[in-house]
Number of protein chains: 2
Amino acid sequence: MAELIEPRVLKGFRDFLPDAELERKRVQGILEDTFERFGFVPIDTPVLEYTEVLLGKGGGETDKQLYRFQDNGGRDVAMRFDLTVPFARFMAAHVQELYLPFKRYHIAKVFRGENTQRGRFREFTQCDFDIVGVDSPAADFEILLLMRESFHALGIDRLRIHLSHRGIFNRALQRLGIQEKAVEVLRTVDKIKKIGEEAVREQLVELAGKGEAEEILQFGKPEPDFLSTLNKITELAGGPAEDTERLKQIYQWMVDLGIEGSYMLDPSITRGLDYYTGIVYETFLLDLPGIGSVCSGGRYNDLASLYTKERLPGVGSSIGLDRLLAALEELGKKPERTGVTEIFVFCLEEPLFGDYLSLAQTLRKAGFATEVFPEQRKLSNQFSFAEKKKIPLGVFLGSEEKSRGVVSLRDLRTRVTYENLTPASLIMKARELLGKHSLKA
Amino acid sequence: MAELIEPRVLKGFRDFLPDAELERKRVQGILEDTFERFGFVPIDTPVLEYTEVLLGKGGGETDKQLYRFQDNGGRDVAMRFDLTVPFARFMAAHVQELYLPFKRYHIAKVFRGENTQRGRFREFTQCDFDIVGVDSPAADFEILLLMRESFHALGIDRLRIHLSHRGIFNRALQRLGIQEKAVEVLRTVDKIKKIGEEAVREQLVELAGKGEAEEILQFGKPEPDFLSTLNKITELAGGPAEDTERLKQIYQWMVDLGIEGSYMLDPSITRGLDYYTGIVYETFLLDLPGIGSVCSGGRYNDLASLYTKERLPGVGSSIGLDRLLAALEELGKKPERTGVTEIFVFCLEEPLFGDYLSLAQTLRKAGFATEVFPEQRKLSNQFSFAEKKKIPLGVFLGSEEKSRGVVSLRDLRTRVTYENLTPASLIMKARELLGKHSLKA
């Protein structure tokens, strides 16, 4: 006999057991419903792409993390490491078949050969939503609103979305005469929440000089409220312009909808990537500040420039589903799950199996998720099975009951049994116990 | 400026545009609901596995088709080519955390470097459902019933599930003294629907001799009804045994439920793989016989023997989602889709955008998927956008109407406009036009 193979998975990869997978499906379903309520539609793209297509943008950093290989036809291919690059390629390929502005969401697995020691996964699910083909404050605002609504739909209202505007920051750097170092400065300031102000100051002094470092740090500090922060950075940027007017407009809409408490103008938010050109934002959970941003993004002025001359400005955001699932569990927002199955038909006598099947079909048609135990085993065994699957109700039918045309129903949670039920009264009783309304077929 | 990269996808891989992706989600949702109504629960496994884990079973044939490479840590890895092998590995790894019988479904992408000339894809979605940990006729029957119910839920009732039993076939071969050639004979008979009886006869004569070939072909021919076919193959197998009794029992349950018309005992069904040991089946659509089986599977007596000594018998079935989607479209069972968005708020005057946003939020809270056009463009442009997105209703609000606290609602399908609606009457009218019931928040 051959030696057994160890049934292991790769480091950074995971199996999802039913409870975890049901919870992932629940959360994903709520997000999809929320996106669709705002008119966003889903797309999908391949897991595998030409490496050339994926590495067009920001090659260096992602290269080491890339799952890249030659396929059997000798093509240089790689697994997608995010959903943004495939979306850019998608828009360039299909813009003629679509309509603009195009609002899409995409929830799918991505792959990065990350260092797993930081608790990161190498296969994880991203959830992106973008509005492409328009550069208006209204589109920026819609994404900010949808971020808030998505978390609200999941039961999370204690959050704060920190936002800023790259254009204003760039103007401030220009005024300091260090605009050619903009990307390094942005990346340095971006680390302030991770490494603290002192460490950032040191790096900025080295990068831009002492006075400049102080002014940049001053720029990054939020004032007590949105408008006073806006006034300060407007001044540091050399006065009002389209960028500051846009933030003012967005803030006004927040006030109009009474949701301004969920947002904060935080000029230290820069998002490291040189990709962003307009507003940028990150989302923090007030009860779990330690986990970092759970939803980030911003405005970019040209999504697909690597693949097409058509200019496609856009604004979008991304949720890391795995981090979100962990957060929901930690916040106690993962609901206690009852079984998928609602009614369990015990197998008391194997010759009656045809009756169990008919009964189960009747119950399914009445709207109950129903399963029959597929062989005659000890009752204790079947009870334990139903308990492990968290099934709330059980039905019993023996030959004596069969002769009288009745069954027994047991509430497996309360251990109360209801005897001598006809099929019709069984359905009524089960509906009552499960708090279900009658379904129209 | 850098040269543009062609936004192409790999041969055999596809983008899913919103209409296709929404349809895939619809069909997948119906299948998931159906599986859960029978008490099946979802799992997921990684896209990437150790090659050793995947190739344990049936290495040769799949090897050429495998996307296999060394990852950055020097591991020999491969992308999953089906959902059965990962499921076997999953069961071996987690059987202690689960309960038996374990009924799972798994809908996910798999990857094969197939010859794309036959219209095959290299990335495609499989949908598997299995009952593991029990070897009973009831479990066999449940899978057969669930296959029928899954297609019924999708609106397909004109189908026939052809089934047979490998044990009976093996006994017949044993009687002919050619059991050591069983696998080759099975694979030859399996081709009868593809290459025809004559070609199969020739190959069988060469393989087993002339008389034997005739007897095998005779075995494979269905009689006019289930029981007479069963009687014939019982005789050719040397008399009744557990296998023939099991088929008789399964047939009786079909009659009990009045569904026997959807099934046919077809002893030419063998399923090529040596993996199966009990019942085997394939599903054909009566109105699309040319596309071949849309749902196939069978019973195996030891799922995870490569990874564990624990014996895990099971029975399961697999639907190729891509073929199913093509079939639904060809059968006219793909519903005409209205837009995801139900109400479109036209942007008539940009300064009123705050009002449009508030109105949209009110409509969303009343249960309507609502979107606002995010900038002021020509009305004809906005109308054309709403039409492309197939949005049924449009709302108009100008400053004159705002001063009176009313809006206009236009049915974009019938081109009828309803003027001077208060917010409350807007919601009532929109519900009426969309045939929606009031939702509780």
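Computed from a prediction, not measured in an experiment: that's the story for all the values here.

**Q** Please explain the relation of the copies chain B and chain A as it appears in this structure.
**A** Here two copies of a chain appear, and what relates them is a rotation about an axis with a shift along it. If you rotate chain B by 180° and push it 0.0 Å along the axis, it lands on chain A with an RMSD of 0.1 Å. Accordingly, the operation relating the two chain copies is best matched by a two-fold axis. Taking C-alpha positions as the reference, the residue of chain B nearest the rotation axis is Phe69 of chain B, at 3.1 Å.

**Q** How should I be thinking about the sheet that holds strand β6 (residues 123-132) of chain B in this particular structure?
**A** Strand pairing within a sheet occurs via backbone hydrogen bonds; the two strands may be parallel or antiparallel. Residues and elements named next belong to chain B. Pairing is mixed across the open sheet formed by eight strands, whose spatial order is β1-β5-β6-β11-β10-β9-β7-β8. Either end of the sheet is taken by a strand with one partner, and the two such strands are β1 (41-42) and β8 (263-265). Sheet analysis places β1 next to strand β5 (residues 102-111), joined by two bridges and oriented parallel. Bridge pairing links Val41 to Arg104 in β5. Where helix α5 (residues 137-153) meets the sheet, its contacts fall on β6, β7 (159-165), β8, β9 (279-285), β10 (295-300) and β11 (314-320), and the angle it forms with β11 comes to roughly 20°.

**Q** How do you make sense of the confidence of the model for chain A when you look at a structure like this?
**A** Reading predicted coordinates in detail is not appropriate for stretches of low pLDDT. Mean pLDDT for chain A: 93, with 97% of residues reaching 70 or above. The ipTM for the predicted assembly is 0.94, set against a pTM of 0.95.

**Q** Would you take a moment to explain the domain arrangement of chain A for this structure?
**A** Buried accessible area, meaning the area lost when the parts come together, often serves as the stated size of an interface. Looking at the assigned domains, one finds that chain A contains domain 1 (18-330) and domain 2 (343-434). Taking only C-alpha atoms, the centre of domain 1 of chain A and the centre of domain 2 of chain A are 52 Å apart.

**Q** I keep staring at the packing of helix α9 (residues 197-208) of chain B against helix α10 (residues 210-220) of chain B and nothing clicks. Help me out?
**A** When two helices pack together, you describe them by how their axes are tilted relative to each other and by the distance separating the axes. Residues and elements named next belong to chain B. Relative orientation of the contacting elements α9 and α10 amounts to 135°, with a least axis distance of 7 Å. Comparing their axes, α10 and α9 come out oblique. Here α9 runs over α10; the crossing is right-handed. For the pair α9 and α10, the contacting residues are Glu197, Arg201, Leu204, Val205 and Ala208 in the first and Lys210, Glu212, Ala213, Ile216 and Leu217 in the second. Taken together, the residues of the contact of α9 with α10 sort by class into six nonpolar, no polar and four charged.

**Q** When you look at the interface of chain B and chain A in this model, what are you seeing that I'm missing?
**A** If you look at the interface, chain B gives 79 residues, while chain A gives 79 residues. Across the side of chain B that touches chain A, the residue classes break down as 42 nonpolar, 13 polar and 24 charged.

Each value, and the rule that gives it
Residues numbered from 1 in each chain as written. Chains lettered and ligands numbered in written order. Predicted model: local features only at pLDDT ≥ 70, side-chain atom pairs only at ≥ 80, totals over all residues. Least-squares fit on C-alpha atoms with pLDDT ≥ 70 in both. Pairing = 2+ DSSP bridges. Helix = DSSP H or I, 4+ residues; strand = E, 2+ residues; numbered from the N terminus. Contact = placed C-beta atoms within 7 Å. Axes fitted to C-alpha atoms, helices over the stretch in contact; angles between N-to-C directions. pLDDT = per-residue confidence, 0-100. Domains from an automatic or database assignment. Parallel < 35°, antiparallel > 145°, perpendicular 65-115°, else oblique. Left-handed = near helix turned anticlockwise from the far one by under 90°. Nonpolar A, V, L, I, M, F, W, Y, C, P; charged D, E, K, R; others polar.

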